[in-house]
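Analysis of the macromolecular model
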Protein chains: 2
Amino acid sequence: MTDKSISQTGLPADGPETSSEKPAGLENSVGRTDLKSVTFGEEDGPLQLESGSALSPITVTYETYGTLAPSRDNAVLVCHALSGDAHAAGYYGTGAGEKPGWWDILIGPGKPLDTDRYFVICSNFLGSCYGTTGPTSVNPETGRPFGLTFPFFTIRDMVEVQRLLLDHLKIDTLLAVIGGSMGGMQALQWAISYPQRIRGAIPIATTARMSAQGIALNEVGRQAILSDPSWRDGKYPEDDPPDRGLALARMIGHITYLSEQSMHRKFGRRFVNGNGRSFNFSSDFQVESYLHHQGKKFVQRFDANTYLYLSRAMDYFDLEDDYGSLEEAFTGCRSSFLVLSFTTDWLFPAGQSQEIVQALRRLNMDVSYCNIESDHGHDAFLLSGHRMGDIVRGFLGRLMKGERP
Amino acid sequence: MTDKSISQTGLPADGPETSSEKPAGLENSVGRTDLKSVTFGEEDGPLQLESGSALSPITVTYETYGTLAPSRDNAVLVCHALSGDAHAAGYYGTGAGEKPGWWDILIGPGKPLDTDRYFVICSNFLGSCYGTTGPTSVNPETGRPFGLTFPFFTIRDMVEVQRLLLDHLKIDTLLAVIGGSMGGMQALQWAISYPQRIRGAIPIATTARMSAQGIALNEVGRQAILSDPSWRDGKYPEDDPPDRGLALARMIGHITYLSEQSMHRKFGRRFVNGNGRSFNFSSDFQVESYLHHQGKKFVQRFDANTYLYLSRAMDYFDLEDDYGSLEEAFTGCRSSFLVLSFTTDWLFPAGQSQEIVQALRRLNMDVSYCNIESDHGHDAFLLSGHRMGDIVRGFLGRLMKGERP
């Protein structure tokens, strides 16, 4: 394998972190971070995927925050969601107004994933478009991007690639694996695939199997992409991708990430510019222009084929079908579990978390559960202002002390 | 105005109705029905629409079931939803396997809208594509279909056209106006626009103002149509309409019509043909092929431009904004109200019906309310197997007796 450090800042990746270099308002930030990468499968053989294909080489991008203890027992793996990346906390230092990593509310000195105590790892998962090998990567055999020739992969395959990274980092046992949404699926799969290698699993706002409604919503998003003439059977050039289809898919996604309540509070029926009804088909309502804005932003940072693959990997996630039943799936698990859902999440409703909890309880496993009050819908797992942080902090603290939380 | 009877059967519209002529299994059916039509605005001047435009002529298609009492006080107006039509009950007699009208469960001899007692009218609303004047109609000034040159119209305008029809039928006072979803919006608007002309209003599975989430879902459907290259700024030829976009819009719609529970029960995660994962982007899951089927069926019977207009009319429905507040909207009402919602309807959640009920109660109006237990989501109002029929029957019976229900 090859290992390198990528600085996305143009500044030395290992440069000193002084408070004067941090963007403004960075109390409790991990500060400047940089994206690292490692490549597997060059000498060590290809990865066998669940779909039957073999893939090699596989480059993985990742970030780490905090310090690995000499006993190597304080590592926490953070798993990102569909459109996320390895940049979970801190800043690249790219300039004023730069947004911090996507879970900066949770990761940093003194924060729930306390980087003074824990060594936090976040890797971009297999098949994504943020540096880890996926449909946008160049196929070494053809010299062209894989596109739809990329092999199909599953949540289980993503976990295999994360396991390769942990082997590379010489971390035998994780204190915990934590993730929301598709990241929560990975946390569940970790507990099942590598029971001896994790002490705690924290699946948040997720499910043990994608629901019919979830599959249906994903399929509409996929059809929006497949119907875009610019998609061209997946062989679109970089400068003319199927932006309209991908934006539509993202608009549908955004509706499912918010709750009816949060949409009402955020936008209500307010008109754009307060002009009232235009009597045409432009964006009259703020909620419409918000969705268009989200769609436009997304196509600048995401890839349409990747969206197809990732949504399919979610659809295929089904621990019941894979193992016979939820109980059989969890039977060999040895970790403690903290399962969290949010009261207004309708994409992964609380009932789906409760199915996980009930199966674990029937097996007499160590599981804590909280359905957290929030009116932010599915997106709540990315936001502060509710009890998630404190609950995670307490669970990790007890794990670290060696108590069963 | 011109009046004519349209037979869609090829059989005499006024032919005898004997049981031997009814399709099989037609107990309690109104039997064979035929579509009538009347045209307004030819001599009586154009209709002034809320958008500021004037429209003339306006043809309205409608059906009637039962007999108008000599006292002309037993008429019930049925308002259909977005993709509905005037054919609410009975059969055209087009052949074996013919589906009855869309609310045949409710309308017929001995049924809740008892055609032995009531004279039931259902008209295709303004702007639809089932015979009443709308975007697919030929603009008499150009000889070509209106398409996007059709003026914008609102729920209030639909009610005006229904009122023209009632004037034509010489029905001064309706026993009740009943409708679900967009039809419920019309029922509410009737109670407000013509308080002296209706005795009961039965809005079902509806809202007094389209929510931000509802507008968002409509907008995604519209964008799917507008993004289809076959849409051609609305000037598509009849033989090459924007089918992919319209099918996508319908797929989104269908997800919102079902509940998570009913999708789970209907499809779960069952694979097509039981073949398991295909590891490609075809329809692996039954829920996907169901949605595709619904999309394909819909484009054979509906028009894309019409979908744009009707979804916009829903978005614009806002009794609060139109009248200052819900209380002010209902202040002049004189009818009794029966408000019904369904427990798993997430497109028009029970809370939105309860807002209507609370406003009416604050005004000391006569209102009955029931949140009906059903796991069929929004579609429940089109289905039997729950209490809707009995509740409607009781309400109408008491209205007919002159009691305040």
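Residues numbered from 1 in each chain as written. Chains lettered and ligands numbered in written order. Predicted model: local features only at pLDDT ≥ 70, side-chain atom pairs only at ≥ 80, totals over all residues. Heavy atoms only, no water.

1. Examining the relation of the copies chain B and chain A
The pair of chain copies shares a relation made of a rotation about an axis and a shift along it. The condition that has to hold: Here the copies are matched by least squares. The fit uses the C-alpha atoms of residues with pLDDT of at least 70 in both.
Laying chain B over chain A is done by rotating through 180° and shifting 0.0 Å along the axis; what remains is an RMSD of 0.0 Å. Considering both components of the superposition, the chain copies are consistent with a two-fold axis.

2. Some thoughts on the packing of aromatic side chains
Heads up, the rule is: Only centres within 6.5 Å qualify two rings of Phe, Tyr or Trp (six-membered ring in Trp) as a pair; their planes then separate them into stacked at under 30 degrees, edge-to-face at over 60, and tilted for everything else. The buried label goes to any residue with under 20% of its type's maximum accessible area, the exposed label to any with over 50%, and the partly exposed label to all in between, with areas taken from a 1.4 Å probe on protein chains only. Charge-over-ring placement is defined geometrically: NZ (Lys) or CZ (Arg) within 6 Å of the ring centre, and within 35 degrees of the ring normal.
This model, assessed by the stated rule, comprises 41 aromatic pairs over all chains. Judged by centre distance (5.1 Å) and plane angle (20°), the ring pair of Trp102 of chain A and Trp103 of chain A falls under stacked. With relative accessibility at 0%, the residue Trp103 of chain A sits in the buried group. A network of ring pairs unites the aromatic residues Phe146, Phe150, Phe152, Phe153, Tyr309 and Tyr316 of chain A together with Phe271, Phe279, Phe281 and Phe285 of chain B as a single cluster. The side chain of Arg277 of chain A reaches across the aromatic face of Tyr316 of chain B, ending 5.6 Å from its centre.

3. Let's talk about the domain arrangement of chain A
Accessible area lost upon the coming together of the parts is a frequently used measure of interface size. Residue and element names in this part refer to chain A. Heads up, the condition is: Marked domain ranges trace back to an automatic or database domain assignment. When checking whether two residues touch, look at their non-hydrogen atoms; a contact exists if any pair is within 4.5 Å. What counts as buried area is the accessible surface, traced by a 1.4 Å probe, that two parts surrender upon association, with contributions from both included. Here, a salt bridge means any Lys or Arg side-chain nitrogen found within 4 Å of an Asp or Glu carboxyl oxygen. Distance and chemistry together define a polar contact, namely a pair of N or O atoms within 3.5 Å, with one atom able to donate a hydrogen and the other to accept it when in protein, and with adjacent residues in sequence counting only for side-chain atoms on both sides. Under the scheme applied here, ten amino acids are nonpolar (Ala, Val, Leu, Ile, Met, Phe, Trp, Tyr, Cys and Pro), four are charged (Asp, Glu, Lys and Arg), and all others, including Gly, are polar.
Segmenting chain A into domains produces domain 1 (2-18 + 25-209 + 319-400) and domain 2 (215-311). Between the C-alpha centres of domain 1 and domain 2 there is a distance of 26 Å. With 28 residues of domain 1 in contact, the opposing surface of domain 2 contributes 25 residues. Of the roughly 2,100 Å² buried between domain 1 and domain 2 on both sides combined, carbon and sulfur atoms contribute 63%. Linking domain 1 with domain 2 are one salt bridge, by the criterion used here. For the salt bridge of Arg265 with Asp375, the shortest nitrogen-to-oxygen distance reads 2.4 Å. Run the count over domain 1 and domain 2 and you get eleven residue pairs in polar contact (both at pLDDT 80 or more). Each residue belonging to the side of domain 1 that touches domain 2 can be placed in one class, and the counts come to 15 nonpolar, ten polar and three charged.

4. As for the pairing of strand β15 (residues 367-372) of chain A
Put simply, the test is: When DSSP finds two or more bridges between two strands, those strands count as paired. Only DSSP runs of H or I covering at least 4 residues are called helices, and only runs of E covering at least 2 are called strands; the numbering of each starts at the N terminus.
Two elements, strand β14 (residues 336-342) of chain A and β15 of chain A, share six bridges in a ladder whose sense is parallel. Along β15 of chain A, the bridge assignment pairs Phe337 of chain A with Val367 of chain A.

5. Quick look at the nonpolar core
Put simply, the test is: In plain words, nonpolar cores are sets of buried Ala, Val, Leu, Ile, Met, Phe, Trp, Tyr and Cys residues tied together by side-chain atoms within 4.5 Å.
Within the largest apolar cluster, 204 residues are counted, with the highest numbers of intra-cluster contacts made by Met182, Phe330 and Phe337 of chain A together with Met182, Phe330 and Phe337 of chain B. The residues touching Phe330 of chain A, leaving out its near neighbours within four places in the chain, are Leu188, Ile192, Leu319, Phe337, Ile356, Ala359, Leu360, Leu363 and Met365 of chain A.

6. Some details on the interface of chain B and chain A
In this assembly, 59 residues from chain B lie in contact with 59 residues from chain A. Across the chain B/chain A interface, buried area totals approximately 5,100 Å², and carbon plus sulfur atoms make up 65% of it. Of all residues in chain B, Arg269, Phe279 and Phe281 of chain B give up the largest surface area on contact with chain A, accounting jointly for 17% of the area buried on that side. For the interface between chain B and chain A, the tally reads ten salt bridges. A salt bridge links Arg269 of chain B to Asp318 of chain A; its shortest N-O distance comes to 2.7 Å. One can count 28 residue pairs in polar contact (both at pLDDT 80 or more) joining chain B with chain A. Within the residue set of the side of chain B that touches chain A, elements represented by two or more residues are α3 (212-226), α4 (243-257), α5 (260-266), α6 (286-299), α7 (304-316) and α8 (319-323) of chain B. Examining the composition of the side of chain B that touches chain A, we find that eleven residues originate from one element, α3 of chain B, more than from any other.

7. What to know about the pairing of strand β6 (residues 75-79) of chain B
All names here are of chain B. Counting buried residues along β6, five of its five residues qualify, which places the element largely inside the surrounding structure. Alternating residues of β6 divide into Ala75, Leu77 and Cys79 and Val76 and Val78, and every residue in both groups is buried. Relative to strand β10 (residues 176-180), β6 runs parallel, the two sharing four bridges. Bridge assignment links Leu77 to a residue of β10, and that residue is Val177.

8. Details of the environment of Pro237 of chain A
Counting through the fold element by element, Pro237 of chain A comes out in the loop between α3 (212-226) and α4 (243-257). A sequence separation of 206 residues divides Pro237 of chain A from Gly31 of chain A, and the C-alpha atoms of the two residues are 37 Å apart.

9. Examining the side chain of Asp104 of chain B
Residues and elements named next belong to chain B. Along the chain, Asp104 turns up in the loop between β6 and β7 (107-108). Owing to a relative accessible area of 11%, Asp104 belongs among the buried residues under this scheme. Apart from residues no more than four positions distant in its own chain, Asp104 is found in contact with Ser29, Ala88, Ala89, Gly90 and Lys111.

10. Brief notes about the packing of α3 of chain B against α4 of chain B
All names here are of chain B. What counts, and what does not: Inter-axis angles, ranging from 0 to 180 degrees, are taken between N-to-C directions of lines fitted to C-alpha atoms, where helices are fitted over the stretch in contact. Angles below 35 degrees are treated as roughly parallel, those above 145 as roughly antiparallel, those between 65 and 115 as roughly perpendicular, and all remaining angles as oblique. Crossings are assigned a handedness: left-handed for a near helix turned anticlockwise from the far helix by less than a right angle, right-handed for a clockwise turn.
It is at 7 Å that the axes of α3 and α4 come closest, and there the two elements cross at 160°. For the element pair α3 / α4, the angle class is roughly antiparallel. When you trace α3 past α4, the crossing you get is right-handed. Contact residues: α3 offers Leu217, Val220, Gly221, Ala224 and Ile225, while α4 offers Gly245, Leu246, Leu248, Ala249, Ile252 and Thr256. In terms of residue class, the contact of α3 with α4 is made up of eight nonpolar, three polar and no charged.

11. Remarks on the pattern of salt bridges
Counted by the stated rule, this structure contains 38 salt bridges over all chains. Measuring nitrogen to oxygen at the nearest pair gives 2.9 Å for the salt bridge that ties Arg163 of chain A to Asp167 of chain A. One end of the pair, Arg163 of chain A, and the other, Asp167 of chain A, are both in helix α1 (residues 155-168), four residues apart, so they sit about a helical turn from each other. Among the residues examined, Arg163 of chain A registers a relative accessible area of 18% and is labelled buried. Residue class for Asp167 of chain A comes out partly exposed when judged on its relative accessible area of 35%. Between Arg312 of chain B and Asp315 of chain B there is a salt bridge whose closest N-O contact spans 3.0 Å. Highlighted residues: Arg312 of chain B and Asp315 of chain B, both in helix α7, separated by three residues, approximately one helical turn.

12. Considerations on the packing of α4 of chain A against helix α6 (residues 286-299) of chain A
Residue and element names in this part refer to chain A. Close contact between α4 and α6 brings their axes to 8 Å; oriented N to C, the two are set at 125°. Of the possible angle classes, the one that applies to α4 and α6 is oblique. For the pair α4 and α6, the sense of crossing is right-handed. In contact with Asp243, Leu246, Ala247, Arg250, Met251, His254 and Ile255 of α4, α6 contributes Tyr290, Leu291, His292, Gln294, Gly295, Phe298 and Val299. Classifying every residue of the contact of α4 with α6 by side-chain character gives eight nonpolar, four polar and two charged.

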